[in-house]
Amino acid sequence: MQQRLLGIPTTAISDATGGHTNIDGSIKPLSNHFKIAGRALTVRLPDGENGAVLEAISKAQEGDVIVIDAKGNMNRAVAGDFVISLAKGLGVQGLVVNGVIRDIEAVRALNFPVFSLGTTVAAGFKNGGGTVGVPIAIGGVAIQPGDYIIGDMDGVVVVPNKDVEQVINAAEAKMQNDELRESEALSGGASSIRAYLDKVLAK
Ligand SMILES: O=C([O-])CC(=O)C(=O)O
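Nothing here was measured: the structure is a model prediction, and the numbers come from that model.

> Any details on the overall build of the protein? Residues and values, ideally.
The helix and strand tally for the protein stands at seven helices and 12 strands. Considering the protein as a whole, with its 203 residues, one finds that 42% of them fall into the buried category. Of the contacts made within the protein by residues no fewer than 6 positions apart, 73% connect residues no fewer than 24 positions apart.

This is the structure we're talking about:
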């Protein structure tokens, strides 16, 4: 499942799902080359806290994507280079958060896929609280633990676990159709572009 998903751009998944489970575009990759596809390990944090992120890292299975509801807090980091090194060291595939991280230079050097609202300088509070493995909603999308999270430079999409096979099939079919459309329209220069537009616009 994961290998097939890694070969599909988020745009094709969005076309297959109708875009209803696309996470808001304000949650962006720290680097453009990041590509993730894995199951969500969810975390719900009290505003400004980050203690439960360590619990999530300790519970993660290899290849999981840790998805954190940080309530959109822009002033307290859910993780920095140390916490991200722990996640990377245990085989976590990526981090998606409606909040911010810090230690950006060091995090970039780790080449670990982070999708976030941005960066800040302050660490999160460690007063406790937070829950791992519960339903959350970030960027306008509800996420259950175990749903599939796919991210790349276009954004992050969620595929409910029960729909994944069907969405993969539809997205792969869409990719094939896009390729056919592209070769029909673009293979013969201006004349094939005109022929393609005439055909579409005549409908
Ligand atoms: O400890 C924290 O809360 C975040 C941090 O600075 C790190 O992970 O390096």
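Structure shown, so let's carry the discussion forward.
> I'd like a description of the environment of A137, backed by residues and values.
As for its placement among the helices and strands, A137 is situated in strand β9 (residues 136–138). On the basis of neighbour counts, which here come to 13 C-beta atoms within 10 Å, the residue A137 falls in the partly exposed class. Ignoring anything within four residues of it in the chain, the contact list for A137 reads D69, A142 and I143.

> Account for the domain arrangement of the protein, with residues named and values stated.
Split into domains, the protein comes out as domain 1 (2–162) and domain 2 (167–202). Between the C-alpha centres of domain 1 and domain 2 the distance comes to 34 Å. On the side of domain 2, seven residues touch domain 1, which itself brings nine residues to the contact. Of all the secondary-structure elements, those providing two or more residues to the side of domain 1 that touches domain 2 are α1 (2–6) and α2 (10–17). At five residues, α2 tops the list of elements feeding residues into the side of domain 1 that touches domain 2. Tallied by class, the residues present in the side of domain 1 that touches domain 2 amount to six nonpolar, one polar and two charged.

> Pulling in residues and values, what's your account of the UniProt feature "binding site: substrate" (unreviewed entry) in the protein?
Within this structure's numbering, the places UniProt gives as "binding site: substrate" (unreviewed entry) are G80, D81, F82, V83 and R102. Spanning 23 residues, the named residues form one tight spatial group whose C-alpha atoms are at most 10.3 Å apart. Tracing the backbone shows F82 in helix α4 (residues 81–89). As for its position among the elements, R102 is in the loop between β5 (100–101) and α5 (104–110).

> Any details on the UniProt feature "binding site: Mg(2+)" (unreviewed entry) in the protein? Residues and values, ideally.
UniProt feature "binding site: Mg(2+)" (unreviewed entry): in the numbering of this structure it lies at D103. Relative to the assigned elements, D103 resides in the loop between β5 and α5. With 20 C-beta atoms counted inside 10 Å, the residue D103 sits in the buried group. With residues up to four places along the chain from it excluded, the contact list for D103 reads G80 and D81.

> Go over helix α7 (residues 189–202) with me, naming the residues and quoting the values.
For α7, built from 14 residues, the straight-helix expectation of 20 Å at 1.5 Å per residue is met to within 8% by its first-to-last C-alpha distance of 20 Å. With respect to burial, α7 is a largely exposed element, only zero of its 14 residues being buried.

> Could you give an account of the pairing of strand β11 (residues 148–152), naming the residues involved and the relevant values?
Counting buried positions over the five residues of β11 gives five, a clear majority of the element. As judged from the five bridges shared by β11 and strand β12 (residues 155–159), these two strands associate in the antiparallel manner. Within β12, the residue paired with I149 across the bridge is V158. Here β11 folds back onto β12, and the loop between the two strands holds two residues.

> Describe the packing of α2 against helix α6 (residues 164–186), naming the residues involved and giving the relevant values.
Two numbers describe how α2 lies on α6: the axes approach to 8 Å, and their chain directions differ by 115°. Put simply, α2 runs roughly perpendicular to α6. Crossing geometry of α2 relative to α6 is assigned as right-handed. Residue-level contacts link A12, I13, D15, A16 and T17 of α2 to V167, A170, A171, K174 and M175 of α6. Looking at the contact of α2 with α6 residue by residue, the classes come out as seven nonpolar, one polar and two charged.

> Quick one: what's the story with the packing of α6 against α7, residue by residue and with numbers?
Put simply, α6 and α7 touch, their axes get as near as 6 Å, and they point 120° apart. As the angle between them shows, α6 and α7 are arranged oblique. Residues E184, A185 and L186 of α6 form the contact with α7, whose participating residues are S192, I193 and Y196. A breakdown of the residues in the contact of α6 with α7 according to their chemical character gives four nonpolar, one polar and one charged.

The rules behind the values
Residues numbered from 1 in each chain as written. Predicted model: local features only at pLDDT ≥ 70, side-chain atom pairs only at ≥ 80, totals over all residues. Helix = DSSP H or I, 4+ residues; strand = E, 2+ residues; numbered from the N terminus. Buried ≥ 20, exposed ≤ 12 C-beta atoms within 10 Å, placed from the backbone. Contact = placed C-beta atoms within 7 Å. Domains from an automatic or database assignment. Nonpolar A, V, L, I, M, F, W, Y, C, P; charged D, E, K, R; others polar. UniProt positions renumbered as here; feature names shortened; annotations may be inferred. Expected span 1.5 Å × (residues − 1). Pairing = 2+ DSSP bridges. Axes fitted to C-alpha atoms, helices over the stretch in contact; angles between N-to-C directions. Parallel < 35°, antiparallel > 145°, perpendicular 65-115°, else oblique. Left-handed = near helix turned anticlockwise from the far one by under 90°.

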